[in-house]
Amino acid sequence: QVQLVESGGGSVQAGGSLRLSCAASKESSDTYLMGWFREAPGKEREGVASYNRVSVSTYYADFAKGRFTISRDNAKNTLYLQMNSLKPNDTAKYYCAAGYAGIWSERSSYKSWGQGTQVTVSP
């Protein structure tokens, strides 16, 4: 099992930016696919973006396209999510996840999950 530790959450005003980080305890086939999900109060956890290390492909939810950028430092086993032009409805707890393969937006594609980091965007 891979341990994932997120950081970088916080409170910002609308239009601001945040950069989330997710450090993985080790590099293995169980981190070929790494992604970010978010869960707002009363809502289902949803995929935000994902990075496939094997194909070097990135995937984004429609709401994230053009505002969020996912990247990965393989040497540091760290995944990042740069979030710009934040909106109040981006307020949620953001989770890092890692897995071997699968549909990037499906929770079942990921075996390991972090504890989450809170992002709060005020109007």
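Above: the structure in question.
Residues numbered from 1 in each chain as written. Predicted model: local features only at pLDDT ≥ 70, side-chain atom pairs only at ≥ 80, totals over all residues. Heavy atoms only, no water.

A.B. asks: Would you mind going over the environment of Thr120 with me for this structure?
C.D. replies: Mapped onto the elements, Thr120 comes out in strand S11 (residues 117-122). It is 4.6 Å that separates the C-alpha atoms of Thr120 and Thr91, two residues lying 29 residues apart in sequence. Setting aside residues up to four positions removed in sequence, Thr120 forms contacts with Gly10, Ser11, Val12 and Thr91. (Helix = DSSP H or I, 4+ residues; strand = E, 2+ residues; numbered from the N terminus. Contact = heavy atoms within 4.5 Å.)

A.B. asks: Explain the side chain of Ser28 to me, please; I cannot follow it from the model alone.
C.D. replies: Tracing the backbone shows Ser28 in the loop between strand S3 (18-24) and strand S4 (33-39). A distance of 3.0 Å separates a polar side-chain atom of Ser28 from the backbone nitrogen of Asp30. In contact with Ser28, other than residues within four places in its own chain, are Val2 and Arg53. (Polar contact = N/O pair within 3.5 Å; in protein donor to acceptor, adjacent residues only side chain to side chain.)

A.B. asks: I keep staring at the pairing of S11 and nothing clicks. Help me out?
C.D. replies: On a regular strand, each side chain points to the face opposite its neighbour's, so the side chains alternate between the two faces of the sheet. Along S11, the buried face is formed by Thr117, Val119 and Val121; none of Gln118, Thr120 and Ser122, which line the opposite face, is buried. As paired elements, strand S2 (residues 10-13) and S11 share four bridges and run parallel to each other. Opposite Ser11, over in S11, you have Thr120 as the bridge partner. Pairing analysis gives three bridges linking strand S9 (residues 92-99) to S11, with the strands arranged antiparallel. Bridge assignment links Tyr94 to a residue of S11, and that residue is Thr117. (Buried < 20%, exposed > 50% of the residue type's maximum accessible area, 1.4 Å probe, protein only. Pairing = 2+ DSSP bridges.)

A.B. asks: How do you make sense of the sheet that holds strand S8 (residues 78-83) when you look at a structure like this?
C.D. replies: Two strands in a sheet stick together by hydrogen bonds in their backbones, pointing the same way (parallel) or opposite ways (antiparallel). The strand order across the open sheet built from four strands is S1-S3-S8-S7, with neighbouring strands paired in antiparallel fashion. What marks the edges here is a single partner per strand, and that holds for strand S1 (4-7) and strand S7 (68-73). Averaged over neighbouring strand pairs, the angle between their axes works out to 15° when direction is ignored. Relative to S8, S3 runs antiparallel, the two sharing six bridges. Along S8, the bridge assignment pairs Leu20 with Leu81. (Axes fitted to C-alpha atoms, helices over the stretch in contact; angles between N-to-C directions.)

A.B. asks: Where do I start with the packing of aromatic side chains in this structure?
C.D. replies: The geometry of an aromatic ring pair comes down to the distance between the two centres and the angle between the two planes. For the structure on display, the rule yields five aromatic pairs. Taken together, Phe37, Tyr110 and Trp113 form an aromatic cluster joined through their ring pairs. Directly above the ring of Tyr80 sits Arg19, whose terminal nitrogen or CZ lies 4.0 Å from the centroid. The aromatic ring of Trp113 is capped on one face by Arg107, whose charged end is 5.8 Å from the ring centroid. (Phe/Tyr/Trp six-rings, centres within 6.5 Å; stacked < 30°, edge-to-face > 60°. Lys NZ or Arg CZ within 6 Å of the ring centre and 35° of its normal.)

A.B. asks: Got a minute to help me understand the state of the cysteines in this structure?
C.D. replies: Note on terminology: a disulfide is the covalent bond linking the sulfur atoms of two cysteines. For the structure on display, the rule yields one disulfide. Disulfide pairing is shown between Cys22 and Cys96; the S-S distance is 2.0 Å. Handedness of the Cys22-Cys96 disulfide follows from its S-S torsion of about -75°: it is left-handed. Residue Cys22 is found in strand S3, and its partner Cys96 is found in strand S9; the two are separated by 74 residues along the sequence. The class of Cys96 is buried, set by a relative accessible area of 0%. (Disulfide = S-S within 2.5 Å.)

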